[in-house]
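# Close look at the chain arrangement
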Amino acid sequence: MAQSAKRPRFESWGRYPTLQADLKLLNWTGDFPLSTPPATRLLPVGAGRSYGDVCLLENGTLLHTRGLDRFLAFDPESGILRCEAGVTLAEILDFGVPRGFFLPVTPGTKYVTVGGAIANDIHGKNHHVAGTFGHHVPRLELVRSDGTRLVCSPTENEAWFAATVGGMGLTGLITWAEVRLRPIVSRSMDYMGEKFVGIDEFLALSQKATAEYTVAWIDCVSTGRNFARGIFMQGEHTKEPGELKNSRQPWLTFPFDLPAFALNRFTMSAFNTAYYHKQFSKQKTAKVDYEPFFYPLDSVLRWNRIYGKNGLLQFQNVLPHEGGREGMVEILKAITRSGLASFLAVIKFFGDVPSVGAMSFPKPGIMLALDFPIRREVSFDLLDRLARITLEHGGRMYSAKDARMTAEQYQAFYPQWQEFERYIDPAFDSAFWQRVTGRRPLDE
């Protein structure tokens, strides 16, 4: 369908699928609810950093929240910041770091909104000690399409709070939220990296790790004696007082879509080999800035163009500790056999901190996340195979990163979905929810 002024294109970060909807920019919290026909479907969207179709809605109205970008209050004693839902984590860092405060939980990009962080209950390298983002949200305001306004917290309207945290934006519009920031004394991180070869070495390093932040890069291309090699990374906020200033704004933008043949097994194999060997010794310790530690890809804007105009698919799952090793080996072998390659592969332990969100993704176990260029049937077949292995081993997949789960798979991963559905705003919907519940859009 050709683009038009009425229905501008709004992409997810994976750029797949391509759907069109009306786009309504919200500039003030009082801009919602809208005066719309009863059959109009609505969905809040922030920065568009979700990978699949959880932030898309065919032939509906996307409520673009980036205009809700104000800081409302800050208590330096408690570290609690109140801000509107369209504020990004990057903007919170620009506010907080010079004052000696950092995000309590952060994903691999800072260019997500607070509303999106709550709706997808994001997690980070410190999940095993800090849980998910929702654990650090004391309160939020939820506005329903009928005009009802609910202040929600773990003790006030708690069922709505649990449904909204990790609720994929379907329970209503989050207008503002409080985030409990954590104190820091420097931008610097105490870093240690250690090479490993094989899942067993990764598991051993994870079990003995003591740092607040842990994650591993893993090579999903190499086979034989180099199968599942990687670098296990640990970090702590340094305790030595140091520089507290804002980060420089990124200036480098990936200028064009790479051709489809650019990312192939040979180029990815060369990249992975170079990345593994960039650390010469088995162990490395250093002081590093928080930007490359937490956000290595944010230094290049629009890096998703590396995957070409067809876009990318991300696979992210978690397998329970019991049987997780065998399942992860099966998944990694399926990837190496497929001929597809990924250079953005991370693996880590999720802790046992229970999520506050009813539909949140993390649970105790081994988490794997990686991106694939879309090569149509080959990519789709691989993602379908990985989803089946995940289901067979009692795991689950992450809704914010998914574009392929079947309704049967989703409902097995999240058997509480029907209880959650009671809290969905009757005017709200998404392409993802239509897909995983087996329902079709209203206009079909």
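Residues numbered from 1 in each chain as written. Predicted model: local features only at pLDDT ≥ 70, side-chain atom pairs only at ≥ 80, totals over all residues. Heavy atoms only, no water.

What follows covers the packing of helix α8 (residues 321-338) against helix α9 (residues 377-392). Where α8 meets α9, the closest approach of the two axes is 10 Å, and the angle between their N-to-C directions is 170°. The orientation of α8 relative to α9 falls into the category roughly antiparallel. Contacts between α8 and α9 involve G327, E330, I331, A334, I335 and S338 from the former and V378, L382, R385, L386, I389, T390 and E392 from the latter. (Axes fitted to C-alpha atoms, helices over the stretch in contact; angles between N-to-C directions. Helix = DSSP H or I, 4+ residues; strand = E, 2+ residues; numbered from the N terminus. Parallel < 35°, antiparallel > 145°, perpendicular 65-115°, else oblique. Contact = heavy atoms within 4.5 Å.)

Now for the pattern of salt bridges. Summed over the entire model, instances satisfying the criterion amount to 20 salt bridges. One salt bridge in this structure joins D200 and R325, with 2.6 Å as the shortest N-O distance. Taken together, the residues D200 in helix α5 (residues 199-208) and R325 in helix α8 connect sequence positions 125 residues apart. Relative accessible area serves as the criterion here: at 32%, R325 is assigned to the partly exposed category. With its nearest N and O atoms 3.0 Å apart, the salt bridge here joins D384 to R404. Within this pair, whereas D384 is found in helix α9, its partner R404 is found in the loop between β20 (396-397) and α10 (407-413), the two being separated by 20 residues in sequence. Connected through shared salt-bridge partners, E11, R15 and D257 make up one network. (Salt bridge = Lys/Arg side-chain N within 4 Å of Asp/Glu carboxyl O. Buried < 20%, exposed > 50% of the residue type's maximum accessible area, 1.4 Å probe, protein only.)

Counted by the stated rule, this structure contains 28 aromatic pairs. Ring geometry for W417 and W433: centres 6.2 Å apart, planes at 65°, overall edge-to-face. One end of the pair, W417, is in helix α11 (residues 417-421); the other, W433, is in helix α12 (residues 431-437), and 16 residues separate them in sequence. Each member of the pair, W417 as well as W433, is classed as buried. (Phe/Tyr/Trp six-rings, centres within 6.5 Å; stacked < 30°, edge-to-face > 60°.)

Attention now goes to α9. The terminal C-alpha atoms of α9, which comprises 16 residues, lie 22 Å apart, in line with the 22 Å expected from a rise of 1.5 Å per residue. Among the residues of α9, those classed as buried are S379, F380, L382, L383, D384, L386, A387, I389 and T390. As for α9, its buried residues are in contact with β17 (312-319), α8, β19 (365-373), β20 and α10. Two residues or fewer after α9 comes G394, characterised by a positive phi angle close to 75°. (Expected span 1.5 Å × (residues − 1).)

Further remarks concern the packing of α5 against α8. Where α5 meets α8, the closest approach of the two axes is 11 Å, and the angle between their N-to-C directions is 135°. Considering the angle they form, α5 stands oblique to α8. Seen from above, α5 lies across α8 with right-handed handedness. Contacts between α5 and α8 involve I199, D200 and L203 from the former and R325, M328, V329 and L332 from the latter. In terms of residue class, the contact of α5 with α8 is made up of five nonpolar, no polar and two charged. (Left-handed = near helix turned anticlockwise from the far one by under 90°. Nonpolar A, V, L, I, M, F, W, Y, C, P; charged D, E, K, R; others polar.)

Looking now at the sheet that holds strand β1 (residues 22-25). A sheet is described by the order of its strands in space; here three strands give the open sequence β1-β3-β2, paired in parallel fashion. Looking at the sheet topology across the chains shown, the edges are occupied by β1 and β2 (42-45). The sheet shows a mean angle of 30° between the axes of neighbouring strands, taken without regard to direction. (Pairing = 2+ DSSP bridges.)

Across the chain, the average pLDDT comes to 94, with 97% of residues at 70 or higher. Low pLDDT, under 50, characterises residues 1-5; the stretch is placed with four contacts to residues that sit more than four places away or in other chains. (pLDDT = per-residue confidence, 0-100.)

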